[in-house]
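Inside the fold
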Amino acid sequence: MKISTRGRYGLRLLVDIAEHSNEGPIALTVVAKRQDLSEKYLQQVALLLTRGGFLTSVKGSGGGYLLERSPASMMIYDVLDLLEGNICFEEPVQGEENAIERVIRLHVYQKLDQEVKKVFEGLTLADVTKAAWFTYVI
Amino acid sequence: MIPLRRAGLVQAERGVQGGYRLAKSGITCAEVLSASEGDFEPVPCRNCTRTDACKTHQIWTMLQSTVVDFTSQVTIDELASHLVESEAGGGI
């Protein structure tokens with residue numbers, strides 16, 4: 001499993017907006033400059049995050065994006081799940097599955113997905129924007 | 001098979017009765033994956049200069065260590081034993 005640019009940039013966009021949430025709506029031009037990312041690409045990702053209920057857009061001059069709700073209520077796992085389609089190692093069975101494939105799917109990939117879910121459980125956008133969240137997670 | 005042999009995970013035997021066998025017991029999925037696919041890196045951040053300032057980087061580190069830790073605990077022997085169970089009708 002590789003996390004695509006959509007997943008990586010989308011999360012950076014969200015973290016950037018969360019960190020500047022006291023400044024009102026944030027224009028993507030500003031984020032693009034601050035994060036050194038393409039504004040055009042950020043527009044696509046912002047649209048996806050808006051549809052997914054993580055961002056809300058404010059039109060007009062002085063417009064931009066705001067978090068749709070509190071960062072403490074936004075699960076990182078859900079954000080990645082939306083941006084990436086899913087973040088699973090297990091893939092749907094296509095055609096005939098032999099015994100070895102089945103054992104690997106159930107005992108490696110399926111369990112690994114459960115493990116990833118468990119590790120990410122409860123990790124919110126608010127945790128990530130705090131500088132020392134990593135020590136808290138461990 | 002070549003990367004697996006280079007990594008010392010399988011041994012090849014030549015000849016009519018030749019073939020491959022595991023080079024040792026206790027081989028883990030992490031060893032196999034690392035030999036065949038390289039080290040697991042969910043994001044291409046290795047040479048990024050923003051790593052220290054990047055808060056999302058910690059998420060990727062966490063994902064990476066979860067995958068490496070988990071796959072280091074699952075051995076090929078263990079998977080083979082599940083296979084035997086399933087063939088014996090014991091369910092997978």
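Residues numbered from 1 in each chain as written. Chains lettered and ligands numbered in written order. Predicted model: local features only at pLDDT ≥ 70, side-chain atom pairs only at ≥ 80, totals over all residues.

Going by what an unreviewed UniProt entry lists, chain A is known as Transcriptional regulator, BadM/Rrf2 family and is assigned to Sphaerochaeta globosa.

1. A look at the overall build of chain B
Of the regular secondary structure elements, chain B holds four helices and two strands. Scaling as 2.2 N^0.38, a compact globule of 92 residues should have a C-alpha radius of gyration of about 12 Å, whereas chain B reaches 18 Å, well beyond that. C-alpha atoms of chain B, sized along the principal axes, occupy 55 × 35 × 15 Å. Long-range contacts, defined as pairs at least 24 residues apart, comprise 46% of the intrachain contacts of chain B with a sequence gap of at least 6. (Helix = DSSP H or I, 4+ residues; strand = E, 2+ residues; numbered from the N terminus. Rg over C-alpha atoms; globule rule 2.2 N^0.38 Å. Contact = placed C-beta atoms within 7 Å.)

2. A look at the interface of chain A and chain B
With 24 residues of chain A at the interface, the matching set in chain B holds 20 residues. Listed by contribution, the elements that provide at least two residues to the side of chain A that touches chain B are helix H1 (5–19), helix H5 (99–120), helix H6 (125–129) and helix H7 (133–137) of chain A. The leading source of residues in the side of chain A that touches chain B is H5 of chain A, at 12 residues. Taken together, the residues of the side of chain A that touches chain B sort by class into 17 nonpolar, two polar and five charged. (Nonpolar A, V, L, I, M, F, W, Y, C, P; charged D, E, K, R; others polar.)

3. A word on the nonpolar core
The nonpolar side chains of a soluble globular protein tend to be buried, and buried together. Formed by 35 residues in total, the largest nonpolar core has its most connected members in Leu13, Leu14, Ile17, Ala46 and Val79 of chain A. Looking at this core, the elements with two or more residues in it are H1, helix H2 (28–35), helix H3 (39–51), helix H4 (76–84), H5 and H6 of chain A together with helix H3 (57–73) of chain B. The element contributing the most residues to this core is H1 of chain A, with seven residues. Ignoring anything within four residues of it in the chain, the contact list for alanine 46 of chain A reads Leu13, Leu28, Leu55 and Tyr65 of chain A. (Core = buried A, V, L, I, M, F, W, Y, C linked by C-beta atoms within 7 Å. Buried ≥ 20, exposed ≤ 12 C-beta atoms within 10 Å, placed from the backbone.)

4. Let's talk about the pairing of strand E2 (residues 19–22) of chain B
Residues and elements named next belong to chain B. Pairing between strand E1 (residues 10–13) and E2: four bridges, direction antiparallel. Of the residues in E2, the one forming a bridge with glutamine 11 is arginine 21. Counting the residues that bridge the hairpin from E1 to E2 gives five residues, and of these glycine 15 lies at a positive phi of roughly 100 degrees. (Pairing = 2+ DSSP bridges.)

5. A closer look at unusual backbone geometry
Residues and elements named next belong to chain A. Not every positive phi belongs to a glycine, and aspartate 36 is a case in point at roughly 55 degrees. Tracing the sequence through the fold places aspartate 36 in the loop between H2 and H3. Residue aspartate 36 is classed as exposed on the basis of its 10 C-beta neighbours within 10 Å.

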